[in-house]
Amino acid sequence: MKLATLATGLGLVASSALADGELYIYNWTDYTSPELIEKFEAETGITVTMDTYDSNDTLLAKLKSGASGYDIVVPSHNYVPIFVAEELFQKINAQDLEGYSNIADGFRNPPWDSANEYTVPWQWGSTSFTVNTDVFGGDIDTYETLFRPPEELRGQIGMFKAPSDVVDMALIYLGYGVCSESKDEMREVLELLEEQKPHVKVYNSDGILERLTSGDAALHQNWNGYSIRARTADPALKYAFPKEGVLTWADNIAVPVGAQNYDNAIKFIEFILQPENIAIQSNFAGYSNGISGSAEFLNEEMATAPELSPPDGTPMVFSETCSENATELQNKVWTTLLQ
Amino acid sequence: MQRIRTFAGIAPATIMVVCFMLLPILIIVVYSFLEKNPYGGVRPELSFEAYSRLLLERDFDDNLSFNPSYLLILFRSIWVAAVSVAACVLIGFPVAYYIAMQPAERRNLLILLITIPFWTNLLIRTYCWILVLRDTGLINEMLLSLGVIQSPIPLLYTEGAIILGLIYTYVPFMVLPIYASLERLDVRLIEASRDLYASRIGALRHVVVPLSLPGIVAGSILVFIPCLGAFIAPELLGGGKNLMLGSLVQLQFSTSRDWPFGSALSVVIMIVVMLALLFYARNARNSGTELVH
Amino acid sequence: MPKSRDIRALPGLKWFSLGFFVYLYLPLLILVIFSFNATKSATVWGGFSLDWYAKALANDDIRRAAWNSLVIATTATVFSTTMATMAALSLTRNKSLPRKPLFNGMLLLPLMVPEIVTAVATLTLFATIGLSLGLGNIIIAHTVFCIPFAYLPIRARLQGMDESLETAARDLYASKWATLRFVTLPLLAPGIVSGAMLAFIISIDDFIITLMVAEAGSTTLPIYIYSLVRIGITPEVNAVSTVLLIISIFFVTLSYLVEKRGKF
């Protein structure tokens, strides 16, 4: 018994001694600028430990399990309501934070967190596909190229391995809304995807850059930030802005329930609300941010990247949190497609 | 006191397994009979939906009909795992035999050589095969430059590629146990059998193979089970065009967020594995060695 | 070693085994070659360079992940092999132990569950009981699924291992412990070694379970490497792997030489 008390006491001393100076960040893979972290550490004296995850669902499972010990997490906008409903985030009341006024209009009080009680914006971008224009010289700004590929691209197509983005893009191409709950619409989606399947080389969301740059795939579903890197390696790799509508997403910073270093998390959030800091992040990852005034801190490459500026008139479609029914239909399409 | 002694040896491992494996499995079995929670997890309400979905589906017209999708995926996975096991036995046995008949110190060296590749990560090892197999890969380039073929043959993203990757990953699990049982093989038995049967193959069939059977059985189990649930090789080398059980289960616990169905699939996998074990146990008993005492 | 072992030889076996080792090492060779690639691609050759080694060695995250991996794998191997050896010995040598098939089946249980299920189930369990030991959580999970991998080769070795030597030792009034220490364990050593190796391999390579069970700050090498693979493997990964490979080859050679010197 005494031993236990002693151990607890020691544990408390140890953890409080460390608590002044620690911050545990859990973010998407390859998505945090090392320079940003170094600057934060230098300015605050806080030691940052990074771990990474591969999907919102991994993050969800991890947080649902309770004791994970993270102070900062970065969920996508369509998952924020889920995390909030499941009571996995603590309130940060961003409106009271220093730098809140820096948040650009479109990202202040967004639909997924209407009073910025839980989140502030981190990065936003789009999802479409990258085409090797050496292989195919025609019009790439349409989903036609992806789903009913021309001769040159057949058998050279790489798709994501998760249903949601694939199905959403098919729905947009067919002229329907994302997260469809209509069986007829979803049957059409399945038919379209089955028709496309013989031309698909691989369904995989990992190693996209490698397949594009090595010539293993001439067209690949992709995010705009990664497409910048692809183009840097090979100028022929161009990012498509399908005229039917481009899927858009926004990732957000939140503090999970049970965070051990809440104050440090707040310090970090206030830190990245500063334009000069979030610009470091954007320069690294290749995605836009929701902080006004950061443009002047962006490097030349980012400022001129075509991947970040869709042609005028291209509709931007925010992906949504699909209902249970819609998710079920998506899964049915997916397992039937890949059975 | 005597009782404590009796169980002292078996207790630590058993307690570990019961607490951190049996208990979780029971949780999974319970989950498979519950209703799903839309955002992952389960609702505490009894439901057989997860099991009925294995065979039946509400199609797009809302009719309940037989759905072969999941059976197809199940049989494909069993088939791929079985082929991989067979190939591992065919490759692993001669190699283990060869190693076992080397002088002691070379034996150890060879065994270590088998384990060295594992110091590199599975993903990376699998990735390396992409470099070998793809259209612009080692094999195709070589055949092209030799003039054997005119255009690259598709090697990557095929079922063959998956099996090749699985064998590559798991063949050491076959070699090590077979080696362990062959290594203590009494040379005199072979000498005697050579005298009796006068053929090498005869000696092999009637003496070496039966004696190494515990190793082959252990190896087959060690290879079959991870192959059945594998998803790195199917996804990297198979291109993810045809789902395998491992990917299907993973899908349920991630984007599909259908834990009960994922749990039901896991229960099915466990049943398949147990059937395989029983099959081996019976075979082993018939041939004089037992898997399960 | 007596030449009489040659009587076991089958023609062609040597070449077959040679082919096997080529198959085993071909991807590794490619891996090592591309670790010296000058460009940022692990698949397209762009000239010789040592940059990736400098980069990998200077990377704190990689060092932290490698250290975590080694700590977890070593601890889990020691625990699981010890438990598996004890279990295998009592199952084969302890005459008074009842319900052996049950115990045997129990030890093989971790094998029957697909990794992803183990991962989710273990996570749920840890969450339910509120277990939060940092690396300890991963070590517990690894120890459990390593037990059957350590157990099977050890048991395969024990089964049919000539008991007459042990009986002889006992007849010569050696104590139970002395028999174990000087007769059984030395005879069992190859089984224990291959069991421990399997356990280590399984632990150091594990990805899914670790990813699920890991707490803040316990990223292991496979998790880190997986994160790099997602963007496409860079030669940095190859460099890390090559370093690991060289370390293991160093130890292997060392133990081989030590053993050789001990013999002659």
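This is a predicted model, so every value here is computed, not measured.

Thresholds, definitions, all that
Residues numbered from 1 in each chain as written. Chains lettered and ligands numbered in written order. Predicted model: local features only at pLDDT ≥ 70, side-chain atom pairs only at ≥ 80, totals over all residues. Heavy atoms only, no water. Domains from an automatic or database assignment. Contact = heavy atoms within 4.5 Å. Buried area = accessible area lost by both parts, 1.4 Å probe. Salt bridge = Lys/Arg side-chain N within 4 Å of Asp/Glu carboxyl O. Polar contact = N/O pair within 3.5 Å; in protein donor to acceptor, adjacent residues only side chain to side chain. Patch = residues over 30% accessible without salt bridge, like charges linked within 9 Å, V, L, I, M, F, W, Y side chains within 5 Å. Areas by Shrake-Rupley, 256 points an atom, 1.4 Å probe, with all protein chains shown as cover. Helix = DSSP H or I, 4+ residues; strand = E, 2+ residues; numbered from the N terminus. Buried < 20%, exposed > 50% of the residue type's maximum accessible area, 1.4 Å probe, protein only. Phe/Tyr/Trp six-rings, centres within 6.5 Å; stacked < 30°, edge-to-face > 60°. Lys NZ or Arg CZ within 6 Å of the ring centre and 35° of its normal. Pairing = 2+ DSSP bridges. Axes fitted to C-alpha atoms, helices over the stretch in contact; angles between N-to-C directions. Expected span 1.5 Å × (residues − 1). Bend = angle between axes of the 7 residues up to and from the residue. 1 Å grid on protein atoms, 1.4 Å probe; cavity = no way out; pocket = protein on both sides within 12 Å on 5 of 7 lines; lining within 4 Å. Points joined across faces, edges and corners; volume = space filled by probe spheres on them. Nonpolar A, V, L, I, M, F, W, Y, C, P; charged D, E, K, R; others polar.

Our next topic: the domain arrangement of chain A. Residues and elements named next belong to chain A. The assigned domain composition of chain A is domain 1 (18–124 + 249–304) and domain 2 (125–248 + 307–337). Using C-alpha coordinates to define each centre, domain 1 is positioned 27 Å away from domain 2. Contacts between the two partners involve 17 residues from domain 1, matched on the other side by 17 residues from domain 2. The junction of domain 1 with domain 2 conceals about 1400 Å² of combined surface from both sides, 48% of it contributed by carbon and sulfur atoms. In this structure, the salt-bridge partner of D30 is R229, at a minimum N-O distance of 2.6 Å. Applying the counting criterion to the domain 1 and domain 2 interface returns five residue pairs in polar contact (both at pLDDT 80 or more).

Our focus in this paragraph is a nonpolar patch on the surface. Residue and element names in this part refer to chain C. Together, L29, I33, W45, F48 and L50 make up an exposed nonpolar region whose accessible area comes to about 560 Å². Positionally, L29 belongs in helix α1 (residues 13–34). On the accessibility criterion, L29 (53% relative accessible area) is exposed.

Attention shifts here to unusual backbone geometry. Look at A:N93: it is not a glycine, yet its phi comes out positive at around 40 degrees. On the basis of relative accessible area, A:N93 is assigned to the partly exposed category, the value being 34%. With a phi angle near 60 degrees, B:Y157 is a residue other than glycine that sits in the positive phi range. Inspection of the secondary structure assignment puts B:Y157 in the loop between α7 (138–146) and α8 (159–183). A residue is classified by how much of its surface remains accessible, and B:Y157, at 13% relative accessible area, is buried.

A few words now on the packing of aromatic side chains. Within this structure, the stated rule accounts for 35 aromatic pairs over all chains. Ring geometry for B:F33 against B:F48: centres 5.7 Å apart, planes inclined by 75 degrees, an arrangement best described as edge-to-face. With B:F33 in the loop between α2 (11–32) and β1 (34–36) and B:F48 in the loop between β2 (42–46) and α3 (49–55), this pair connects stretches of sequence that are 15 residues apart. Connected via pairs of aromatic rings, a cluster forms that spans A:Y26, A:W28, A:Y53 and A:Y70. Over the aromatic face of A:F284 sits the side chain of A:R229, whose NZ or CZ is 5.8 Å from the ring centroid. Directly above the ring of B:F261 sits B:R53, whose terminal nitrogen or CZ lies 4.1 Å from the centroid.

Between chain C and chain A, the contact holds 24 residues from the first and 25 residues from the second. Between chain C and chain A, a total of about 2000 Å² is buried, with carbon and sulfur atoms accounting for 51% of that surface. Connecting chain C to chain A are zero salt bridges. Applying the counting criterion to the chain C and chain A interface returns eight residue pairs in polar contact (both at pLDDT 80 or more).

This part is about the pattern of salt bridges. All told, the structure shown has 18 salt bridges over all chains when counted by the stated rule. For A:K91, the salt bridge is made with A:E117, and the minimal N-O distance between the two is 3.1 Å. Here A:E117 lies in the loop between α4 (80–85) and β4 (120–132) and A:K91 lies in the loop between α4 and β4, a separation of 26 residues in the sequence. What makes A:E117 partly exposed here is its relative accessible area of 27%. Residues participating in the shared-partner salt-bridge network are A:K161, A:D206 and B:E235.

Take the sheet that holds strand β2 (residues 47–53) of chain A next. Residue and element names in this part refer to chain A. Across the sheet, three strands lie side by side as β2-β1-β3; this open sheet has parallel pairing. The sheet is open, and its two edges are formed by β2 and β3 (72–73), each paired on a single side. Taken together, the seven bridges between strand β1 (residues 22–28) and β2 define a ladder with parallel strand orientation. Bridge pairing in β2 places E22 opposite T47. Contacting β1, β2 and β3, helix α3 (residues 56–64) crosses the sheet at an angle of about 140 degrees to β1.

Residues and elements named next belong to chain C. Here helix α6 (residues 135–158) contains 24 residues, and its C-alpha end-to-end distance of 33 Å stays within 8% of the 34 Å for a straight helix at 1.5 Å per residue. Its axis deflected by about 35 degrees at C146, α6 carries its strongest bend there, up to four residues before the proline P148. Among the 24 residues that make up α6, 23 are buried, leaving the element largely enclosed by the rest of the structure.

Further remarks concern the layout of surface pockets. A water-sized probe, rolled over the atoms, reveals where empty space remains. The space that makes up the largest pocket amounts to roughly 1600 Å³. Lining the largest pocket are 50 residues, and of these A:D30, A:P34, A:F284, C:L228 and C:E236 lie nearest its centre. Split by residue class, the lining of the largest pocket holds 20 nonpolar, 17 polar and 13 charged. Looking at which domains feed residues into the lining of the largest pocket, each of domain 1 (18–124 + 249–304) and domain 2 (125–248 + 307–337) of chain A gives three or more.

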